[in-house]
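# Analysis of the macromolecular model
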Amino acid sequence: MARGLSLCSNGRKSSTLLSNSIPRVSISFSPKTLFTCSYPLQSRHPEFSQRLFCNHACVPETVDETRYKELFNKRMDMAGLKPHNRIALGVSGGPDSMALCVLTAKWKTQGLSCVNKTDGFIDGLVAIVVDHGLRQESKDEAELVCSRVSQMGIRCEIASCDWVDGRPKLGHLQEAAREMRYEMISNVCFRQQIEVLLIAHHADDQAELFILRLSRSSGVLGLAGTAFASEIFSRNLQLDAKHMKNQSIRLVRPLLDFWKEDMYKICQWGRQDWVEDPTNRSQLFVRNRIRTSIGNLQSGSFKSELQAVISECRRTRSFVDKVCTDLIHQTVTATDKGYAILDLERLNPSGVKDICLSKYLSAVLQFISQWQRPIRGNTSKLLLNYIRAIPCRTSLTAAGCYLSPAPGSKGTKIIVSCSVDCPLPSKTELLNISFNETPSDDLGQIIADAKSFSDHVAPTSLFEVQFLDVASESVLSKARELNLLSESTYTTIGLLQRDETKRFLTKTEEKSVELEHGTNIPASSDKVHLCLGQNLYFMNRFLIRWNLSDHQCNEAGCRNCPVSTATSMEVRHMVESDWLYLGELSKCSTSNHSISSSQKALRSLKLIPAAARKSLPVLINHCGLLLCIPAIGFSYCSCLEASAVFLPRVPLGGGHSSFL
């Protein structure tokens, strides 16, 4: 739930939950919209803005209902959504999310006659309100929003956050709250088997993000803003048993064609109350400063011109994503041993634009390392130079991956494996896996329909996009050259960019200190113990499990078998000494399971490039004795049953996304 909320209504009686015994001070906001407001004169939590409660008392404006419906319906069609699909809404109670509730409810009920109300609620529609638990009042506020949404005929659930590691620091509060919010909403969606989540981001949010990223020297792909539709994957493995993959949720932002002022009008049209968050006006947060600066501009053409530039960036992003997807399908072979092979002859790196090749390499490396951060700057340049040096004769470590020439390829193929010699921001955790034995095919159909739509409208030729070869610092100049920006808008955006860049640079040293002493990134060498019958998700890459079978142990005297007496095993990556141990074991003259298994394992390992072997998980006992390499079938004793399935949390390419 947002911090420091103010309650606004369209004229109905305000809730007594938040208004009783509160000293009142009346203030007004904009000339178009007048609020009668009240707030406590003192706050028990000075780090947050005071809570402000409003009764909306504006003169009704003419609302173009038909236009709003048409824009929303078009976006839902673009996303491949139908009224019968089960949908969740992320709701904070603000005007944006309440407008989303209004539009979605009307679309659901008017789309098909078969969409009915059960017990007063619209079938297949659930709103999720997150109580961040950062203030004492947040629970009451969440319940108030939930009550309002329920009155609209939308089922509502409150997801309460549990800050296990303590409340986030003020400087990282918005980012931490956002990550927690998505995690909590995702958990509800997976539990209720809802595959689509709608979020109320709109055109003003995109404009703010453009200025923010421009001040951080983002490239054209970053300036494209947030995706219209994408897939998010659970941090805790949600296993689709039918397809053996981690399940995803389709995240859709259907309000990107709407501006902030439209949100208020839609709420008035739907006669819905909303709450305002005064902390959204706090100049401590960068997006708030940008929002205020843009809001103070008087030029009527500023937003439309800025939107035109963003749209061109999004067209470029759509084209690059299409090229990247095609290159992955044509040139990348992902193996079940956790590494990938790139075919340089098919790729022809010298014939691929820098922006497309960088995106392609980022996608492959993110998949192998499961490090979902974009690759930028010097690392990106280093990779471009490396991949274009054909034939490949050297090795390179970058972004948590180890790149090396594939054996026998004469430098025409590259092995990309997970580097175990550097820290990786991946998780190793014991978990109770949520198995979905009968997954719905709805999501697959939704994505297929969305792809079909985008294939017809997305640019397919480099001549159809304008920013393909434009560096970050030249985007505004190119936009002015194309007459997307007037001279005044060009100057205004430049001033906003320079002002925020100056603020950003003054905090660089402080931020560097925070990173040095900040979050601990789990190293790939960290040890973890796996007990009998447990499931371990190792580095977001391998799903590991071991058990004891009913087979008779073939060791002389079962008590001497290190496997049959084990109750837990340590999991780590394969090291050179494991290879040497298998070699020595295979030479023994006696005949038993461990010897024959080691001989088969050596034959399998010889087919795996040396660099890729290092990322294979192995099981050892408390004395360090190698008991199992489940990925290649080695086990010390026949009574040991173990498996290691390569099951990356995020698939190659990151799932389907759309920037239309």
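It should be noted that the structure appears before, not after, this text.
Here goes a summary of the coordinates provided. (Residues numbered from 1 in each chain as written. Predicted model: local features only at pLDDT ≥ 70, side-chain atom pairs only at ≥ 80, totals over all residues. Heavy atoms only, no water.)

## What about the overall build of the protein chain?
The helix and strand inventory of the protein chain stands at 20 helices and 29 strands. Looking at the protein chain as a whole, 52% of its 660 residues are labelled buried. Accessible surface computed for the protein chain: about 31000 Å², of which carbon and sulfur atoms make up 50%. (Helix = DSSP H or I, 4+ residues; strand = E, 2+ residues; numbered from the N terminus. Buried < 20%, exposed > 50% of the residue type's maximum accessible area, 1.4 Å probe, protein only. Areas by Shrake-Rupley, 256 points an atom, 1.4 Å probe, with all protein chains shown as cover.)

## Section: the sheet that holds strand β26 (residues 617-620)
With antiparallel pairing, the five strands of this open sheet are ordered in space as β22-β25-β26-β27-β28. The open sheet terminates on both sides in strands that have one partner only, identified here as β22 (528-531) and β28 (634-635). Sheet analysis places strand β25 (residues 568-573) next to β26, joined by four bridges and oriented antiparallel. The residue bridging Arg572 from the neighbouring strand is Val618, located in β26. Against the sheet, helix α18 (residues 576-586) contacts β25, β26, β27 (626-629) and β28, and its axis sits at roughly 100 degrees relative to β27. (Pairing = 2+ DSSP bridges. Contact = heavy atoms within 4.5 Å. Axes fitted to C-alpha atoms, helices over the stretch in contact; angles between N-to-C directions.)

## Observations concerning helix α13 (residues 377-387)
Buried residues of α13: Ser380, Leu383, Leu384, Tyr386 and Ile387, and no others. One side of α13 holds all its buried residues, which, seen down the axis, span an arc of 165 degrees. Structural note: α13 exposes Asn378, Lys381 and Asn385 on the side pointing more than 90 degrees away from its buried face. (Arc of directions from axis to C-beta.)

## Considering the sheet that holds strand β18 (residues 401-405)
Judged by pairing direction, the sheet is antiparallel, and its five strands sit side by side in the order β15-β16-β19-β18-β17 without closing on themselves. Only two strands of the sheet have a single neighbouring strand rather than two, namely β15 (332-334) and β17 (396-398). Taken pair by pair, the neighbouring strands of this sheet meet at an average axis angle of 20 degrees, ignoring direction. Looking at chain direction, strand β16 (residues 340-343) and strand β19 (residues 413-418) are connected through four bridges and run antiparallel. Looking across to β19, one finds that Ile341 is bridged to Ile415. The strands touched by helix α10 (residues 302-331) are β15 and β16; relative to β15, the strand with the most contacts, the crossing angle is about 65 degrees. Sheet contacts for helix α12 (residues 354-369): β15, β16, β17, β18 and β19; angle to β19, the most-contacted strand, approximately 45 degrees.

## A closer look at the packing of α18 against helix α19 (residues 593-606)
One way to put it is that α18 packs onto α19 with a least axis distance of 8 Å and a crossing angle of 130 degrees. If you check the angle between α18 and α19, you find them oblique. When the axes of α18 and α19 are compared, the crossing they make is left-handed. Residue-level inspection shows Trp579, Leu582, Gly583, Leu585 and Ser586 of α18 in contact with α19, the latter providing Ser594, Ile595, Ser598, Gln599, Ala601, Leu602, Leu605 and Lys606. (Parallel < 35°, antiparallel > 145°, perpendicular 65-115°, else oblique. Left-handed = near helix turned anticlockwise from the far one by under 90°.)

## Observations regarding the nonpolar core
With 106 residues, the main nonpolar core has Phe210, Leu342, Tyr360, Ile414, Val416, Ile493 and Ile544 as its most contacted residues. Ile414 has contacts with Ala340, Ile341, Leu342, Leu344, Tyr386, Ile387, Cys392, Leu403, Ser404 and Ala406, leaving out every residue within four places of it along the chain. Tyr68, Leu89, Met98 and Leu125 belong to the second largest nonpolar core, which has 45 residues in total. (Core = buried A, V, L, I, M, F, W, Y, C linked by side-chain atoms within 4.5 Å.)

## Notes on the pairing of strand β8 (residues 155-160)
In the sheet, strand β7 (residues 125-131) pairs with β8 via six bridges, with the strands oriented parallel. The partner of Asp131 across the bridge, within β8, is Ser160. Of the crossover connections in this fold, the one passing from β7 over helix α4 (residues 138-151) to the parallel β8 is right-handed. (Right-handed = clockwise from strand over helix to strand, strands pointing away.)

## What to know about the side chain of Ser369
Secondary-structure assignment places Ser369 in helix α12. When its relative accessible area of 1% is taken as the criterion, Ser369 is described as buried. For Ser369, the side chain forms a polar contact with the main-chain nitrogen of Trp371, separated by 3.1 Å. (Polar contact = N/O pair within 3.5 Å; in protein donor to acceptor, adjacent residues only side chain to side chain.)

## Brief notes about helix α2 (residues 65-78)
Helix length check: α2 (14 residues) gives 20 Å between terminal C-alpha atoms against 20 Å at 1.5 Å per residue, within 8%. Downstream of α2 by a residue or two, Gly80 has a phi angle that is positive, lying close to 80 degrees. (Expected span 1.5 Å × (residues − 1).)

## Description of the packing of aromatic side chains
Summed over all chains, the structure comprises four aromatic pairs. On the numbers, 5.9 Å between centres and 80 degrees between planes, the contact of Phe367 with Phe646 is edge-to-face. In this pair, Phe367 sits in helix α12 while Phe646 sits in strand β29 (residues 640-646), placing the two residues 279 residues apart along the sequence. Considered together, Phe367 and Phe646 belong to a single accessibility category, that of buried residues. Members of the aromatic cluster, joined through ring pairs, are Phe367, Phe542 and Phe646. The ring of Phe228 carries the charged tip of Arg75 above its face, separated from the ring centre by 4.6 Å. Over the aromatic face of Tyr490 sits the side chain of Arg480, whose NZ or CZ is 3.9 Å from the ring centroid. (Phe/Tyr/Trp six-rings, centres within 6.5 Å; stacked < 30°, edge-to-face > 60°. Lys NZ or Arg CZ within 6 Å of the ring centre and 35° of its normal.)

## Details of unusual backbone geometry
In this model, Ile390 is joined to Pro391 through a cis peptide bond whose omega is 0 degrees. Of note, Pro391 is situated in the loop between α13 and β17. The phi torsion at Asn483 lies on the positive side, around 65 degrees, for a residue other than glycine. The topology assignment puts Asn483 in the loop between α15 (475-481) and α16 (487-506).

All we've got here are geometric facts, nothing functional implied.
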